[in-house]
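The chain contents come next:
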Amino acid sequence: MATLSSEELIKIKEKTIMPPLNTSHPSPVTFSLMGIPGLEHLHVWIGIPFCSMYVVAVVGNVTILAVVRAERSLHEPMFLFLCMLSVTDLVLSTSTLPRMLCLFWLGAHDIAFDACLTQMFFIHSFTTMESGFFLTMAIDRYVAICHPLRHTTILTHTRITIMGIIVVIRGVAFFSPHPILLKQLPYCRTRIIAHTYCEFMAVLKLACVDTGATSRYSLSVASIIGSCDAILTAVSYVFILQSVFRLPSREAGFKALGTCGSHVCVILVFYSTTGFSIFTHRFGKNIPAHIHIFIANMYLLAPPFLNPIVYGVRTKKIREHVIKALSVKVA
């Protein structure tokens, strides 16, 4: 039996669920998530590595939170910021992966309009928080390496709390308008979202009015926030590298370089996939949809999966406490 293309699938679904094009519906009851266009026949297999990454992300981030909470010696700036990042990773991955796996494995394409907007808010606001917490952790590493004697006096618990609150408020404030704007739009075209989750631009394309201003607002906010965070993070690591190369001990320098290198790799994965997804909407009309959507999934999957490994397993203090806890339970 021949496999239908994504375009043919959309046309078939449109015949069954679409009203006449001259009818405007401000609040559709449901949307239909297509998944990865052109790769529908591979959804079951794609779901396996996605599920594995989600399990690692949940177990790893919950372990970090549990260890830091239990060990008072870990209540330091680095680990407090790491806990904030872990909570963000848990919310970000849980708001997308379970629903995505239902789509891949159970064929659950329909999603309620309000549930779609809620998922969208969590995805975009917590992606922004992820970016913000990468920046705060870069600042923490800068202070720890460049000003080690004043680390705890500069980054007090009060200042850490304020930094965390600012990151959260920024993510909520700039992306709360997104679902509100979409709620106001009329939808008289297809209700099929060519994506695996409710992404703002993918839903915006379904509106039957001119959405140029709304699109420019969203892209501008995402570009400005992402660029500022990426630049400041890069500047922090430049100063860190300068300090590392000045260390008298070559062994200490290589150790710090290895730690910073793994951190930079995770950050590069996050910003490269996020940037690709953002700018593909504006400039990448010739990029195949399945490549765009697959990479858009990666910026939601890769950081929650990699962060516990890079910031947790590779961190000696956390690793030692986890091994100690496991040995006690085994004994």
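Residues numbered from 1 in each chain as written. Predicted model: local features only at pLDDT ≥ 70, side-chain atom pairs only at ≥ 80, totals over all residues. Heavy atoms only, no water.

### A word on a nonpolar patch on the surface
No. 1: A cluster of nonpolar side chains, contributed by Leu 42, Val 44, Trp 45, Ile 48, Trp 105 and Leu 106, occupies part of the molecular surface with about 640 Å² of accessible area.
No. 2: Listed by contribution, the elements that provide at least two residues to the nonpolar patch are helix H2 (43–70) and helix H4 (97–106).
No. 3: Counting residues per element, the nonpolar patch draws most heavily on H2, which supplies 3 residues.
No. 4: For Trp 105, the position within the fold is in helix H4.
No. 5: Trp 105 gets classed as partly exposed once you look at its relative accessible area, which sits at 38%. (Patch = residues over 30% accessible without salt bridge, like charges linked within 9 Å, V, L, I, M, F, W, Y side chains within 5 Å. Areas by Shrake-Rupley, 256 points an atom, 1.4 Å probe, with all protein chains shown as cover. Salt bridge = Lys/Arg side-chain N within 4 Å of Asp/Glu carboxyl O. Helix = DSSP H or I, 4+ residues; strand = E, 2+ residues; numbered from the N terminus. Buried < 20%, exposed > 50% of the residue type's maximum accessible area, 1.4 Å probe, protein only.)

### Describing the packing of helix H3 (residues 77–94) against helix H7 (residues 157–175)
No. 1: Orientation of H3 relative to H7, taken along the N-to-C sense of each, is 25°, at an axis distance of 11 Å. Here H3 lies roughly parallel to H7, going by the angle between them. The two elements H3 and H7 cross, and the hand of that crossing is right-handed. In contact with Pro 77, Leu 80, Phe 81 and Met 84 of H3, H7 contributes His 157, Ile 160, Met 163 and Gly 164.
No. 2: Split into classes, the residues belonging to the contact of H3 with H7 amount to 6 nonpolar, 2 polar and no charged. (Axes fitted to C-alpha atoms, helices over the stretch in contact; angles between N-to-C directions. Parallel < 35°, antiparallel > 145°, perpendicular 65-115°, else oblique. Left-handed = near helix turned anticlockwise from the far one by under 90°. Contact = heavy atoms within 4.5 Å. Nonpolar A, V, L, I, M, F, W, Y, C, P; charged D, E, K, R; others polar.)

### A few points about the environment of Gly 171
No. 1: Topologically, Gly 171 is positioned in helix H7.
No. 2: A C-alpha to C-alpha distance of 7.8 Å links Gly 171 and His 124, two positions 47 residues apart in sequence.
No. 3: Setting aside its immediate chain neighbours within four residues, Gly 171 contacts Ser 125, Thr 128 and Met 129.

### Thoughts on the confidence of the model for the protein chain
No. 1: Of all residues in the protein chain, 87% attain a pLDDT of 70 or more, and the chain-wide mean is 84.
No. 2: Across the protein chain, element-level confidence peaks in H7 with a mean pLDDT of 94 and bottoms out in helix H1 (residues 6–17) with 47.
No. 3: Across residues 1–9 the pLDDT falls below 50, and counting only partners more than four positions away or on other chains, this stretch makes 8 contacts in the model.
No. 4: Scored below 50 in pLDDT, residues 14–23 shows 13 contacts in the model against residues more than four places distant or in partner chains. (pLDDT = per-residue confidence, 0-100.)

### Some details on the nonpolar core
No. 1: Phe 31, Phe 50, Leu 182, Tyr 187 and Ile 193 are the most contacted members of the largest nonpolar core, which has 71 residues in total.
No. 2: With near-sequence residues (within four places) excluded, Phe 50 lies in contact with Leu 97, Met 100, Leu 101, Phe 104, Phe 294, Asn 297, Met 298 and Leu 301. (Core = buried A, V, L, I, M, F, W, Y, C linked by side-chain atoms within 4.5 Å.)

### Description of H3
No. 1: An ideal rise of 1.5 Å per residue puts 26 Å on 18 residues; H3 measures up with 26 Å between its terminal C-alpha atoms.
No. 2: In terms of burial, H3 is a largely internal element, 13 of the 18 residues being buried. (Expected span 1.5 Å × (residues − 1).)

### A look at the side chain of Thr 280
No. 1: Within the element layout of this structure, Thr 280 appears in helix H11 (residues 250–283).
No. 2: A polar atom in the side chain of Thr 280 sits 2.5 Å from the backbone oxygen of Phe 276.
No. 3: Setting aside chain neighbours within four positions, we find Thr 280 in contact with Lys 285, Ile 287 and His 292. (Polar contact = N/O pair within 3.5 Å; in protein donor to acceptor, adjacent residues only side chain to side chain.)

### Some remarks on the state of the cysteines
No. 1: Per the counting criterion, the structure on display carries 1 disulfide.
No. 2: A sulfur-sulfur distance of 2.0 Å marks the disulfide that ties Cys 116 to Cys 198. Its torsion about the S-S bond being -120°, the disulfide of Cys 116 and Cys 198 is classed as left-handed. With a gap of 82 residues between them, Cys 116 in helix H5 (residues 113–146) and Cys 198 in the loop between strand S3 (192–193) and helix H9 (200–204) connect regions that are remote in the sequence.
No. 3: Assessed through its relative accessible area of 0%, Cys 198 is described here as buried. (Disulfide = S-S within 2.5 Å.)

### Quick look at the packing of aromatic side chains
No. 1: Within this structure, the stated rule accounts for 10 aromatic pairs.
No. 2: Taken together, a centroid distance of 5.6 Å and an interplanar angle of 80° make the contact between Phe 31 and Tyr 187 edge-to-face. On the criterion of sequence distance, the pair formed by Phe 31 in strand S1 (residues 30–33) and Tyr 187 in the loop between helix H8 (177–184) and S3 is long-range, its members being 156 residues apart. Of the two residues, Phe 31 and Tyr 187, both sit in the buried class. (Phe/Tyr/Trp six-rings, centres within 6.5 Å; stacked < 30°, edge-to-face > 60°.)

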